[in-house]
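The chain contents come next:
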Amino acid sequence: MEQKKYEVTKEQILLDLKLLTDGIFEADVKEEDGTLVLVFTNGQTFRILVEPQP
């Protein structure tokens, strides 16, 4: 199988994660400074940080 060279950005990953969470979690999902913040209806808050590894 041929491997193609491509580059993925953290913005693309964050957008994909945001779209995936829509309808799956009962949470308010927003993006703050490159971090995805999920605030659930039960009061819990999670921050998902996406950073490339050198």
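Look a little higher up for the structure.
Thresholds, definitions, all that
- Residues numbered from 1 in each chain as written.
- Predicted model: local features only at pLDDT ≥ 70, side-chain atom pairs only at ≥ 80, totals over all residues.
- Heavy atoms only, no water.
- Phe/Tyr/Trp six-rings, centres within 6.5 Å; stacked < 30°, edge-to-face > 60°.
- Helix = DSSP H or I, 4+ residues; strand = E, 2+ residues; numbered from the N terminus.
- Buried < 20%, exposed > 50% of the residue type's maximum accessible area, 1.4 Å probe, protein only.
- Expected span 1.5 Å × (residues − 1).
- Core = buried A, V, L, I, M, F, W, Y, C linked by side-chain atoms within 4.5 Å.
- Contact = heavy atoms within 4.5 Å.
- Salt bridge = Lys/Arg side-chain N within 4 Å of Asp/Glu carboxyl O.

Moving on to the packing of aromatic side chains. Counted according to the given criterion, the structure contains two aromatic pairs. Ring centres of Phe25 and Phe40 lie 5.5 Å apart, and the angle between their planes is 70°; this geometry places the pair in the edge-to-face category. Pair noted here: Phe25 is in the loop between α1 (10-21) and β1 (27-32) and Phe40 is in strand β2 (residues 35-40), with a separation of 15 residues, a long-range link. Here the aromatic rings of Phe40 and Phe46 are separated by 5.8 Å at their centres, their planes lie at 85°, and the arrangement is edge-to-face. Look at Phe46 and you get partly exposed, because its relative accessible area is 43%. Grouping aromatic residues by their ring pairs yields a cluster made of Phe25, Phe40 and Phe46.

Along its 12 residues, α1 runs 16 Å from first to last C-alpha, staying within 8% of the 16 Å computed at 1.5 Å per residue. Phi turns positive one or two residues past the end of α1, at Gly23, with a value near 90°.

Let us look at the nonpolar core. One finds Leu14, Leu36, Leu38, Phe40 and Val50 forming the largest nonpolar core, which totals five residues. Excluding residues within four positions of it along the chain, Phe40 makes contact with Phe25, Glu26, Ala27 and Phe46.

Let us look at the pattern of salt bridges. Enumeration over the complete set of coordinates arrives at three salt bridges. Measuring nitrogen to oxygen at the nearest pair gives 3.2 Å for the salt bridge that ties Lys10 to Glu51. Placement of Lys10 in helix α1 and of Glu51 in the segment after β3 (45-49) is noted, with a sequence separation of 41 residues between them. The exposure class of Lys10 is partly exposed, given its relative accessible area of 25%. Ionic pairing is found between Glu32 and Arg47, a salt bridge with its closest N-O pair at 3.4 Å. With Glu32 in strand β1 and Arg47 in strand β3, the pair connects residues that are 15 residues apart, well separated along the chain. The class for Glu32 is partly exposed, based on a relative accessible area of 32%. In this structure Arg47 comes out as exposed when scored by relative accessible area, which is 53%.

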